[in-house]
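The residues making up each chain are set out below.
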Amino acid sequence: MTLARVVGNVVSTEKHPQYRGYKILVVQPIGGDGKPKGRSFLALDGVQAGAGDTVLVVDEGGSARSVLGDEEAVTVRTVICGIVDRIDVAE
Amino acid sequence: MKLGRVIGTVVSTQKLESLEGLKLLLVQPLDEKGKDAGAALVAFDTARAGEGDLVFFEAGKEAAQANPNGWFNPADAAIIGIVDAVNVTGRSFP
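Residues numbered from 1 in each chain as written. Chains lettered and ligands numbered in written order. Predicted model: local features only at pLDDT ≥ 70, side-chain atom pairs only at ≥ 80, totals over all residues.

Draft legend 1. Examining the sheet that holds strand β2 (residues 24–30) of chain B more closely. Residues and elements named next belong to chain B. Taken together, five strands build a closed barrel; the order of strands is β1-β2-β3-β5-β4 and the barrel is mixed. Strand-to-strand, the axes of this sheet are offset by a mean angle of 55°, without reference to chain direction. Relative to strand β5 (residues 77–82), strand β4 (residues 54–59) is paired through five bridges, and the arrangement is antiparallel. Residue pairing across strands places Phe-56 opposite Gly-81, the latter belonging to β5. (Pairing = 2+ DSSP bridges. Helix = DSSP H or I, 4+ residues; strand = E, 2+ residues; numbered from the N terminus. Axes fitted to C-alpha atoms, helices over the stretch in contact; angles between N-to-C directions.)

The following block contains the structure:
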């Protein structure tokens, strides 16, 4: 899983049927210090996350299907599976 | 999933049976600001996309699952949808 921050959303009408009904969010990976690290990507929302939230993202198909509770969504790979309350890093 | 722009089409006659009938498009990955992010790649289309369209695509083995010819195929990127709008804190595009 990756730590990331939700920075926005994507609106799409014409899309693969397995993606209908899901919110698509733009996420920016962050490090333990909360600073951006690497390139942004898109993830489906499985936990009612929104812009500004720090989240956990899983990037694997089987896990993604279990997060969404949708075994038919075989083409889905990247899903937000948790909203992070706090990160504690040892000094 | 990543954002991308369709920048061209790819024509291939001699190819695996499992890739027949697919529309192959050249996609330039983009970041959340719409700037180029990495090297262009070839993805097959499931969303009736065309040159110039802003799209999002899925990479890896999950992309192969979107192939209507069956799951056992070598596709590793699929265009999943056409993007109407990207809203990122403070700015939006297209």
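Draft legend 2. Looking closely at helix α1 (residues 61–68) of chain A. If you check which residues of α1(A) are buried, you get A:Gly61, A:Ala64, A:Arg65 and A:Val67. Buried positions in α1(A), seen along its axis, are confined to an arc of 160° and lie on one side of it. Turning to α1(A), the residues buried within the fold contact β4 (54–59) and β5 (78–83) of chain A together with α1 (61–64) of chain B. Phi for A:Gly69, located one or two positions after α1(A), is positive at around 65°. (Buried ≥ 20, exposed ≤ 12 C-beta atoms within 10 Å, placed from the backbone. Arc of directions from axis to C-beta. Contact = placed C-beta atoms within 7 Å.)

Draft legend 3. Quick look at the environment of B:Val83. Here B:Val83 lies in the loop between β5 and β6 (85–88). Residue B:Val83 is classed as buried on the basis of its C-beta count, with 25 C-beta atoms lying within 10 Å. What B:Val83 contacts, discounting residues up to four positions off in sequence, is A:Val10, A:Ser12, B:Leu3, B:Leu54, B:Val55 and B:Phe56.

Draft legend 4. Region of interest: the pairing of β4(A). All names here are of chain A. Alignment of strand β1 (residues 2–11) against β4, held across four bridges, turns out to be antiparallel. Looking at the pairing, Ala-4 lines up with Val-55 of β4. As defined by bridge partners, β4 adjoins β5 across five bridges and the pair is classed as antiparallel. Bridge assignment links Asp-59 to a residue of β5, and that residue is Thr-78.

No statement about biological role is implied by the geometric values presented.
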